[in-house]
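A structural walkthrough
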Amino acid sequence: MLLVEDDELMRRSFTVALERYGYEVDAAADGLAGLELFRDGSFDLLILDVMLPGLDGIGLCRRVRETSLVPVLMMSARGDGLDVVAGLEAGADDYVVKPVDTYVLVARIRSLLRRAAYAPAPGPEHAADGGPPPEGEVLVFGELSIDTGGMEVFISGSPVALTPTELKLLLEFAAHPGIVLERHTLLRNVWDYGWDGDSRVVDLCVQRLRRKLGRERIETVRGFGYKLRR
């Protein structure tokens, strides 16, 4: 994975801690160096601090999203609402607020990596019990079609590139078409939060899906959550 953090002590501390959990970590001290490392290497996950010299973490995330769907975890020292929203709008999948305990950071990393490797399990029972759709099934909702075997999404036959988080969120909606899903349910099933997380990650990811799939596809039910229109 790639860690971009300008604070030398934190950068070394995170690197050592993550290596103890078995992760291989490349690190950069500023956004431009991080972008160069990203372009020269192959990474399963990026951890980006928001406040970086040269090119900040939000700008770096946008540059990454121009060419890659790799999972991105943002770190904010202040937990500032504007930083969080800007990072998620730029394409980040999740965020943590510094200082962050190592076990929390590792839990978020594991969740992101699970999403990146996500594939629906076969068997019709999953559709009945609210799990992911059966493997190999093509689900059609108007102009939207989802190939659950190839993990591909199409609008009017044209492919749509989704990040792992966006894809898993869409599959969660597709498993319950026309049914309102509350934010805390989506946080649990998509982000693997075993506790009440920040619902902004849901709202911003839904907004990104709407930009890619069409605003009318996912309906807001005020006071409750969202549903996929049949």
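Not measured: the values here are computed from a predicted model.

Some remarks on the sheet that holds strand β7 (residues 144–147)
Sheet architecture is open: 4 strands sit in the order β6-β7-β8-β9, paired in antiparallel fashion. With partners counted over all chains shown, the strands left at the sheet margins are β6 (138–141) and β9 (158–160), one partner each. Across the sheet, the axes of successive neighbouring strands diverge by a mean angle of 25 degrees, strand direction being ignored. Contacting β6, β7 and β8 (152–155), helix α7 (residues 164–174) crosses the sheet at an angle of about 105 degrees to β7. Against the sheet, helix α9 (residues 200–213) contacts β7, β8 and β9, and its axis sits at roughly 55 degrees relative to β8.

Here's the deal with the sheet that holds strand β2 (residues 26–28)
If you walk across this open sheet you meet the 5 strands as β2-β1-β3-β4-β5, and the pairing is parallel. Only two strands of the sheet have a single neighbouring strand rather than two, namely β2 and β5 (94–97). Neighbour-to-neighbour, the strand axes of the sheet open up by a mean angle of 20 degrees, direction not taken into account. In this sheet, β5 lies alongside strand β4 (residues 72–76) in parallel orientation, the contact comprising 4 bridges. Within β5, the position partnered with Ser76 by the bridge is Val97.

A closer look at the packing of helix α1 (residues 8–20) against helix α5 (residues 102–116)
Put simply, α1 and α5 touch, their axes get as near as 11 Å, and they point 65 degrees apart. Once α1 is placed against α5, the crossing between them reads as right-handed. Contacts between α1 and α5 involve Phe14, Ala17 and Leu18 from the first element and Thr102, Leu105, Val106 and Ile109 from the second. For the contact of α1 with α5, the class distribution of residues is 6 nonpolar, 1 polar and no charged.

The rules we used
- Residues numbered from 1 in each chain as written.
- Predicted model: local features only at pLDDT ≥ 70, side-chain atom pairs only at ≥ 80, totals over all residues.
- Heavy atoms only, no water.
- Pairing = 2+ DSSP bridges.
- Helix = DSSP H or I, 4+ residues; strand = E, 2+ residues; numbered from the N terminus.
- Axes fitted to C-alpha atoms, helices over the stretch in contact; angles between N-to-C directions.
- Contact = heavy atoms within 4.5 Å.
- Left-handed = near helix turned anticlockwise from the far one by under 90°.
- Nonpolar A, V, L, I, M, F, W, Y, C, P; charged D, E, K, R; others polar.

Coordinates in, geometry out; function isn't part of it.
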